[in-house]
Amino acid sequence: MHRSPISYDRIVELVEPESTVLDLGCGNGELLQRLRLERSAHGRGVEIEESLIRECIANGISVFQGNLDEGLQDYESQTYDYVILNQTLQVVHQPIVLLREMIRVGRRVIVGFPNFAFVQNRVQLTVGGRMPKNSTLPYEWYDTPNIHLCTYRDFHQLCRQEQIVVLRQICMNGRWRIPAGLRNLLAIDVYFLLAGRHRNGIAAKASYG
Amino acid sequence: MSDGVPRVSHIPMADRPNDTGNCGIVEPRYYTFGERDDDPGVHLDCGQELRPVRLCYETYGTLNRDRSNAILLLHAFSGDAHAAGYHHPEDKGPGWWDMMVGPGKAFDTDRYYVICSNVIGGCSGSTGPGSVNPTTGRRYGLDFPVITIADMVRAQVRLIDYLGIDRLLAVAGGSMGGMQALEWASSFPERISGSICLATTARLSAQGIAFDAVGRNAIMSDPRWNNGDYYDSEPPARGLAIARMIGHITYLSDESMRLKFGRRLQERASAELDLFEQFEVESYLEHKGGTFVDRFDANSYIYLSKAIDYFDLVESKGSLDAAFVDSSCKFLVLSFTSDWLYPAYHSKEIVRALMRLGKDVSYTEISSPYGHDAFLLESERQAPLVSAFLNTLMREREADA
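Keep in mind the model is a prediction, meaning the values are calculated, not measured.

(A) Seen up close, the pairing of strand β5 (residues 70–74) of chain B. Residue and element names in this part refer to chain B. For β5, the tally of buried residues reaches five of five residues, placing the bulk of the element in the interior. With burial as the criterion, each face of β5 is covered, one bearing Ala70, Leu72 and Leu74 and the other bearing Ile71 and Leu73. The sheet contact formed by β5 and strand β9 (residues 170–174) spans four bridges and is parallel. Considered in β9, the bridge of Ile71 is made with Ala170.

(B) Spatial organisation of the packing of aromatic side chains. Residue and element names in this part refer to chain B. Per the counting criterion, the structure on display carries 23 aromatic pairs over all chains. Between Phe77 and Phe296, the ring centres sit 5.9 Å apart and the planes meet at 40°, which makes this aromatic pair tilted. Separated by 219 residues along the polypeptide, Phe77 in the loop between β5 and β6 (101–102) and Phe296 in the loop between α6 (280–295) and α7 (298–310) bring together distant segments of the chain. For Phe296, a relative accessible area of 7% translates into the label buried. Here Trp97 and Phe107 contribute two aromatic rings whose centre-to-centre distance is 5.3 Å and whose plane-to-plane angle is 40°, an arrangement assigned as tilted.

(C) Spotlight on the nonpolar core. Of all hydrophobic cores here, the largest spans 109 residues; its most connected members are Leu24(A), Phe155(A), Leu194(A), Ile115(B), Leu168(B), Trp184(B) and Phe324(B). What Leu24(A) contacts, discounting residues up to four positions off in sequence, is Val46(A), Leu68(A), Leu72(A), Val83(A), Ile84(A), Leu85(A), Asn86(A), Thr88(A), Leu98(A) and Met102(A).

(D) The arrangement of the confidence of the model for chain A in detail. Per-chain confidence: chain A averages 91 in pLDDT, with 91% of residues scoring 70 or above. Between residues 200–209 of chain A, whose pLDDT stays under 50, and residues either more than four places distant or in other chains, the model counts 18 contacts.

(E) Molecular detail of empty space enclosed by the protein. Enumeration according to the criterion identifies four cavities of 30 Å³ or more in this entry. In this structure, the second largest cavity is lined by Ile57(A), Gly60(A), Ile61(A), Ser62(A), Lys330(B), Phe331(B), Asp360(B), Val361(B), Ser362(B), Phe389(B) and Thr392(B).

What counts, and at which threshold
- Each residue is numbered by its place in its chain's sequence as written, counting from 1.
- Chains and ligands are labelled by the order in which they are written, letters from A for the one and numbers from 1 for the other.
- Local features are withheld for residues below a pLDDT of 70 in this predicted model, meaning they are given only at 70 or higher, and side-chain atom pairs are given and counted only at 80 or more; totals for whole chains, interfaces and linings count all residues.
- For the side-chain quantities, the full set of heavy atoms in the structure was used; hydrogens and water were omitted.
- Classification of residues uses two cut-offs on accessible area relative to the type maximum, computed with a 1.4 Å probe and protein chains only: under 20% is buried, over 50% is exposed, and between them is partly exposed.
- Each helix is a run of H or I in the DSSP string that is no shorter than four residues. Each strand is a run of E no shorter than two, and both are numbered from the N terminus.
- Here, strands pair whenever DSSP counts at least two bridges between them.
- Here the aromatic set is Phe, Tyr and Trp, taking the six-membered ring for Trp, and pairing holds for ring centres within 6.5 Å; pairs whose planes are under 30 degrees apart are stacked, those over 60 apart are edge-to-face, and all others are tilted.
- Residues enter a nonpolar core if they are buried and are Ala, Val, Leu, Ile, Met, Phe, Trp, Tyr or Cys, with the set joined through side-chain atoms within 4.5 Å.
- We call two residues in contact when some of their heavy atoms are within 4.5 Å.
- The predictor's confidence in any single residue is recorded as pLDDT, a number from 0 to 100.
- Only protein atoms enter the 1 Å grid used here. Points where a 1.4 Å probe fits but cannot escape make up a cavity, open sets with protein on both sides within 12 Å along at least five of seven lines make up a pocket, and a residue lines them when an atom lies within 4 Å of a point.
- Grid points are joined across faces, edges and corners, and a volume is the space filled by probe spheres set on the points.

So, in structure tokens, the structure goes:
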């Protein structure tokens with residue numbers, strides 16, 4: 001998946017020091033390494049690709065080979081401070097099921113994904129009449145792993161429906177933070193810090209800005 | 001519990017990695033303890049003390065100055081101390097894990113000091129039922145005490161003490177060797193930095209125990225077994241060979257047998273059906289059984305298979321969480337897709353407990369057609385993971401120092 005050091009910056013920003021972190025689709029473990037160095041986090045990754053697992057192990061990252069489409073049955077409820085899903089929500093078969101599982105396992109959840117309503121995508125579809133293809137969505141329609149793309153606004157709607165509390169959101173266009181009101185139109189990458197409402201009242205009242 | 005000595009490669013090794021070199025000619029060594037009154041033997045789980053105890057071991061590579069690069073290899077059921085290299089230039093094949101142990105290999109003997117010892121209860125140089133009982137002057141036979149995986153590890157700890165190593169960089173083994181690697185992590189957590197557990201379990205399934213029971217029955221039904229007292233006469237070769245054949249079936253998989261043998265007949269002499277013509281898989285099993293009796297003791301088969309069956313960390317420690325609560329090492333756990341004797345869910349059970357406890361554990365299920373034997377054969381997939389894991393351990397060890 002598309003993961004840049006800039007996207008890691010935003011996630012590192014969302015994680016409090018000394019936390020336990022479960023990174024789903026952790027790639028070569030680079031984010032977890034940064035969290036360890038910059039946040040003294042104790043992290044663990046889940047990855048399906050054997051070559052990336054090898055890189056994780058070489059980087060000293062604990063990693064479990066798992067398929068996110070099979071859920072998180074190997075993880076007990078409320079056992080991690082953060083469960084992270086970065087640039088991966090749109091490739092899983094059942095995003096709602098996975099999101100519920102993340103809320104179950106993590107006291108907080110961080111989700112980062114590309115905002116499909118970004119103006120360039122809209123123009124490519126409405127003016128060009130073609131499926132959007134650009135630096136964020138670099139695939140042809142027939143070979144894309146992205147089967148569940150959504151917009152910033154769609155995700156808010158899903159959180160309301162699932163009684164998930166949005167504690168904080170960071171909406172980026174390259175290095176620029178997009179202010180409220182323009183986010184659905186101008187944000188390329190969005191990051192949400194979430195908590196479950198029903199089982200996590202304390203986290204929902206967290207002091208995040 | 002597997003063929004620790006695949007000297008005759010029984011599966012086409014198309015993916016055998018480039019042989020970057022081997023350990024050359026190696027010599028087995030011996031360490032004996034518990035001979036003097038003031039030197040204890042091994043206090044066994046059954047309540048007895050085994051003494052004296054002789055351990056046969058081999059080493060590869062060089063121990064560094066701060067003694068921080070030592071790795072102990074733990075062999076499987078029918079393995080021995082001869083993990084790598086050759087005893088004689090004319091040997092048919094190298095040690096049982098030569099693909100993994102040597103210069104530039106996963107257990108890189110240019111970097112690490114690698115040790116492998118034969119387990120107690122075995123028959124390849126260490127004290128076992130075929131050894132002479134000092135109190136009677138005769139071979140132990142069934143007078144040999146029942147030994148457990150934990151007893152094997154207690155003896156290994158003595159060897160590591162003797163070699164002057166406080167903390168091993170890692171212990172590593174598959175199958176019964178993996179059980180020992182788990183036992184090390186559970187009972188001697190301060191003595192290891194890493195534990196590599198391949199194709200193993202914290203407790204064997206009823207299915208696995210059942211196959212072991214049939215193997216033991218085959219030996220005990222051979223009249224030559226004579227209640228384990230056969231050392232002065234003909235050994236129960238037929239019973240042991242049949243036990244080995246059963247074992248071999250459990251180490252392979254449907255796919256590996258289909259690829260290797262299919263339904264081919266060995267030598268089709270006539271077009272007529274008769275009862276004595278053999279399928280290739282039959283003559284293969286005959287061959288495996290036949291060569292096994294030349295190097296393995298029937299009583300050791302019984303004792304070691306019992307040790308495997310009795311191994312149960314849940315029962316002995318209360319729970320898997322309790323078993324590993326004090327473990328401070330990093331774990332690498334690997335399972336193989338076609339291994340139905342030690343299936344992946346057994347490894348996952350261990351990994352889940354370690355994750356619950358917040359331990360450093362990495363887990364992968366390697367896709368392989370080779371069944372349980374895969375941990376001895378899949379070095380191309382396994383080696384990079386083991387190598388990366390050891391590299392991390394060594395780097396952290398150096399950072400600590």
